[in-house]
Amino acid sequence: MIDIVDRIRNKKLHDRIVTAEEAAAYIKPGMNIGTSGFTPSGYAKVVTTALAKRMEKEPFRINLFTGASTGPEQDDVLALAHGIERRAPYQTSRVMRKFINSGDIKYTDMHLSECAQYLRYGFMKRGLDVAIIEACAITEEGNIIPTTAVGNAASYVQQADVVIIELNVSQPEELEGMHDIYVPLDPPNRLPIPIIRPGDRIGTPYIPCDPQKIKYIVPSNVMDNTRSFTPIDDNARKMSAHIIDFLEVEKAAGRMPKNLLPIQSGVGSVANAVVHGFVESDLKDLSVYTEVIQDGMFDLIDAGKLTVVSGTGFTPSPEGLKRFYKNIKEYRKHIVLRPQEISNSPEVIRRLGVIAMNTAIECDIYGNVNSTHIMGTKMMNGIGGSGDFARNAYLTIFCTASTAKDGQISCVVPFCSHVDHTEHDVDIIVTEQGLADLRGLSPKERAKEIIEKCSHPDYRAELREYFERADRETAHAQTPHLLEEAFSWHTRYVKTGTMLK
């Protein structure tokens, strides 16, 4: 067994060290299980793998609650074992996506800031039976030092009847001190969250935990199974350039300080590429208040352009993870990891005046955005934290390439097949073609901006013709639509076999 004794500073807990199989045997059918992790970082690995193997031999299901997506040792193996009855919130597993879209897994897509409190409020019908939390150490008092993500771990430890800790020796002890753990009280006792600058620390560097709750401690040496980003392409470079040019105009107009307001960037290759563009800009002394910390943030720190980045978890590439570990003593000076209730708090986002930059699957000519569904029916990943930021940011920017499937599909459409972010929350639409500033515009003014500046030339004339005809045939209505024709933009892709898989 892996030696973890030196990392368990409370000696009374040494007798709770067991194998992953012993810990997994405690979990019963129908239990509500909450795990650490936010994207493929800091998630439970060995207990969930052992649990999946047990489920293959004696089939049963659990309800799984996480911070966001996790790695294959959790989401993939449990889905393949048909061991998940219900899953919330965000996920990115291709395996799980298949079972969600076949109806095998009941998936509750929800704003990431709300997940932990939904459980605390009793909205999910029952409480949390077990929390499985990855740690790099346990303090003398029995408190938990998290690893590369916080997510909902602190709230799950607070709520769960029993805590199982995966003590992962592949995670460096230098992570200690990077976290700022603060769990808000519930109404009517909730207090203002006292963050007025992105780097403010308001909590503890550990997850408070009653040692009596810790049922088992399981050794682990499995590294975070992070994913590579696609290479930065011309489209991403152009989108990044459009955004930086726009922000320079905002600065010149006095609507933005020289070092900008705090920025937020969503998860994924496009978002990472957009942030990378800031490295090559003249911007400096930047601050970040976000949920995920990707390679681009390390680039900004290395370039001396970033003072502080606050998030709830790392989402680096495999190369980025090695780079983080190698330079952890320097990076930790700039990084704060918080519970996602705080990193995604609408109150704090509004107070700080965050510039929110997220990605879309498609947008329509009036500024509505679809972030979750393909052709309105097939779940892709989920809304994640984009809604937390979009509704409350100082500026809300959505990025998408103008086309998908090698140009066979326009990502700018007459009417989104599914709406996650309404026109009321979206300020800026950006594609490689250009940037549409929608602030203060009427629906028909927005339509003209988006069609002329963001749509691909191959589809622009058709979109223009649709809008002009809809305006005439609805007698110049406020938001003119020909619904049957608008939705035909989606159904024709299904009929021709170009629907995204």
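Residues numbered from 1 in each chain as written. Predicted model: local features only at pLDDT ≥ 70, side-chain atom pairs only at ≥ 80, totals over all residues. Heavy atoms only, no water.

This paragraph deals with the packing of helix 9 (residues 295-302) against helix 10 (residues 318-326). When two helices pack together, their arrangement is given by the angle between the helix axes and the distance between those axes. It is the contact of helix 9 with helix 10, at a shortest axis distance of 10 Å, that shows an interaxial angle of 40°. One finds that helix 9 runs oblique with respect to helix 10. Judged by the sense of rotation from one axis to the other, the crossing of helix 9 with helix 10 is left-handed. Note on element contacts: helix 10 touches helix 9 through Gly320, Arg323 and Phe324, opposite Asp295, Phe298, Asp299 and Asp302. (Axes fitted to C-alpha atoms, helices over the stretch in contact; angles between N-to-C directions. Helix = DSSP H or I, 4+ residues; strand = E, 2+ residues; numbered from the N terminus. Parallel < 35°, antiparallel > 145°, perpendicular 65-115°, else oblique. Left-handed = near helix turned anticlockwise from the far one by under 90°. Contact = heavy atoms within 4.5 Å.)

Another point: the pattern of salt bridges. Scanning the entire structure with this criterion turns up 32 salt bridges. For Asp129, the salt bridge is made with Arg126, and the minimal N-O distance between the two is 2.5 Å. For Arg126, a relative accessible area of 38% gives the class partly exposed. Taking the shortest distance from any N to any O, the salt bridge between Glu250 and Arg439 comes out at 3.0 Å. Placement of Glu250 in helix 7 (residues 234-252) and of Arg439 in the loop between strand 26 (434-437) and helix 15 (443-454) is noted, with a sequence separation of 189 residues between them. A residue is classified by how much of its surface remains accessible, and Arg439, at 29% relative accessible area, is partly exposed. Because the salt bridges share partners, they merge into one network encompassing Arg61, Glu85, Asp104 and Lys106. (Salt bridge = Lys/Arg side-chain N within 4 Å of Asp/Glu carboxyl O. Buried < 20%, exposed > 50% of the residue type's maximum accessible area, 1.4 Å probe, protein only.)

A few words now on unusual backbone geometry. Residue Ala88 is joined to Pro89 through a cis peptide bond whose omega torsion reads -10°. Cis geometry is found at the peptide bond from Pro187 to Pro188, where omega equals 10°. With respect to the helices and strands, the residue Pro188 is situated in the loop between strand 8 (162-168) and strand 9 (214-220). Unlike most non-glycine residues, His82 shows phi in positive territory, near 55°. Within the fold, His82 resides in the loop between helix 3 (72-80) and strand 3 (84-88). Backbone geometry at Asp285 places phi at a positive 55°, although glycine is not the residue there. As for its position among the elements, Asp285 is in the loop between helix 8 (269-279) and strand 11 (286-289).

Bringing the side chain of Arg97 into the picture now. Within the secondary structure, Arg97 sits in helix 4 (residues 94-101). Nearest to the buried, unbridged Arg97 among oppositely charged side chains is Asp76, at 9.1 Å. Apart from the residues lying within four places of it in its own chain, the contact partners of Arg97 are Gln91, Thr92, Met379, Met380 and Asn381. (Lys, Arg positive; Asp, Glu negative; His and termini not counted.)

Membership of the largest hydrophobic core comes to 73 residues, with the highest contact counts inside it found for Phe278, Phe324, Ile335 and Ile355. Take this core: its biggest share by element is five residues, from helix 7. Look past the residues within four positions of Phe324 in its chain and what remains in contact with it is Leu175, Met178, Phe298, Phe314, Tyr331 and Ile335. The next biggest cluster of nonpolar side chains, apart from the first, holds 33 residues, and it includes Met31, Ile84, Ile105 and Val162. (Core = buried A, V, L, I, M, F, W, Y, C linked by side-chain atoms within 4.5 Å.)

Let us now look at the pairing of strand 26. Relative to strand 26, strand 25 (residues 428-431) runs antiparallel, the two being bridged by four bridges. Across the sheet, the residue bridging to Ile428 is Asp437, located in strand 26. The loop that links strand 25 with its antiparallel partner strand 26 comprises two residues. (Pairing = 2+ DSSP bridges.)

The next point concerns the sheet that holds strand 17 (residues 362-364). Read across the sheet, three strands follow the order 18-17-24 without closing on themselves; strand pairing throughout is mixed. The open sheet has two edge strands with one neighbour each: strand 18 (369-370) and strand 24 (412-413). The sheet contact formed by strand 17 and strand 24 spans two bridges and is parallel. Across the sheet, residue Asp364 finds its bridge partner in strand 24, namely Val413.

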